[in-house]
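Here are the chains, one letter per residue:
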Amino acid sequence: MSHRTRRDRTAASEGAAGAARCTVTVCRGCCCGTAAKVPRLDHEAQLAELRTALSGIAAVRRTDCLDVCERANVIVIQPSAEGRKAGGRPIWLGQVNDPGAADITAWVRDGGPGLAEPPGALDLYAFQPSRRVRAELHDE
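Residues numbered from 1 in each chain as written. Predicted model: local features only at pLDDT ≥ 70, side-chain atom pairs only at ≥ 80, totals over all residues. Heavy atoms only, no water.

## Notes on the nonpolar core
Core analysis: the largest hydrophobic core is formed by 18 residues, its most contacted members being V24, V26, V60, I75, I77, I104 and V108. Counting only elements with at least two residues in this core, the list comes to strand 1 (22-27), helix 2 (43-53), strand 2 (58-63), strand 3 (75-78) and helix 4 (102-109). Not counting residues up to four positions away in its chain, the partners in contact with V60 are V24, V26, L47, L50, R51 and L54. If you look at the next biggest cluster of nonpolar residues, it comprises 14 residues, including C32, C69, V76 and W92. (Core = buried A, V, L, I, M, F, W, Y, C linked by side-chain atoms within 4.5 Å. Buried < 20%, exposed > 50% of the residue type's maximum accessible area, 1.4 Å probe, protein only. Helix = DSSP H or I, 4+ residues; strand = E, 2+ residues; numbered from the N terminus. Contact = heavy atoms within 4.5 Å.)

In structure tokens:
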């Protein structure tokens, strides 16, 4: 009989669920997510739409400033464990100012970095932040 602790079982189940999922980090700091910087977007509705569209598919988290304010609104797509094994790396997207971010959600549903080819439209948003900024998100 197994004597695994509750903590061990919880960690194992979280690991299994998290391994199959991308993480979508949405900046909502000093500039991203503010009407002062991007006035014609309902920022809370955009975040809610991302969470709804990716429910059960990806972890969607809100974070404070990612320090690339000139590219508001910023979203970072981190690959799943499987995607990382296939060579996927975090993709930083700036100026994501459309309400539903449909291209992003479709790509993540298809597997995201390393597992699915990103739609061509995402090339318009992709950028490489400084090494310091990437390290703060722990994606190096």
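This is not the end of the story, as more comes after the structure.
## Considering the confidence of the model for the protein chain
Averaged over every residue, the pLDDT of the protein chain is 84; residues scoring 70 or more account for 83%. Note on residues 1-18: pLDDT is under 50 here. Beyond four places in sequence and across chains, it has two contacts. (pLDDT = per-residue confidence, 0-100.)

## Structural notes on unusual backbone geometry
Geometrically, the link from A72 to N73 is a cis peptide bond, its omega value of 0 degrees lying close to zero. Structurally, N73 can be placed in the loop between strand 2 and strand 3. In this structure, D67 is a non-glycine residue whose phi angle is positive, near 65 degrees. Tracing the sequence through the fold places D67 in the loop between strand 2 and strand 3. Although it is not a glycine, Q95 sits at a positive phi angle of roughly 60 degrees. Note on placement: Q95 falls in the loop between strand 4 (91-93) and helix 4. Accessibility expressed as a relative area gives 42% for Q95, which makes it partly exposed.

## Observations regarding the pattern of salt bridges
For the structure shown, the criterion picks out one salt bridge. Between R62 and E44 there is a salt bridge; the shortest N-O distance is 2.9 Å. Separated by 18 residues along the polypeptide, R62 in strand 2 and E44 in helix 2 bring together distant segments of the chain. (Salt bridge = Lys/Arg side-chain N within 4 Å of Asp/Glu carboxyl O.)

## Considering the state of the cysteines
Formally, a disulfide is one covalent bond, and it connects the sulfur atom of one cysteine to the sulfur atom of another. Here the structure, examined in full by the defined rule, presents zero disulfides. Just so you know, C32 is unpaired, no disulfide at all, and the nearest cysteine sulfur is the one on C27, 3.6 Å from it. In this model C65 remains outside any disulfide bridge; the closest cysteine sulfur is found in C69, 3.7 Å from its own. C65 sits in the partly exposed class, given a relative accessible area of 31%. (Disulfide = S-S within 2.5 Å.)

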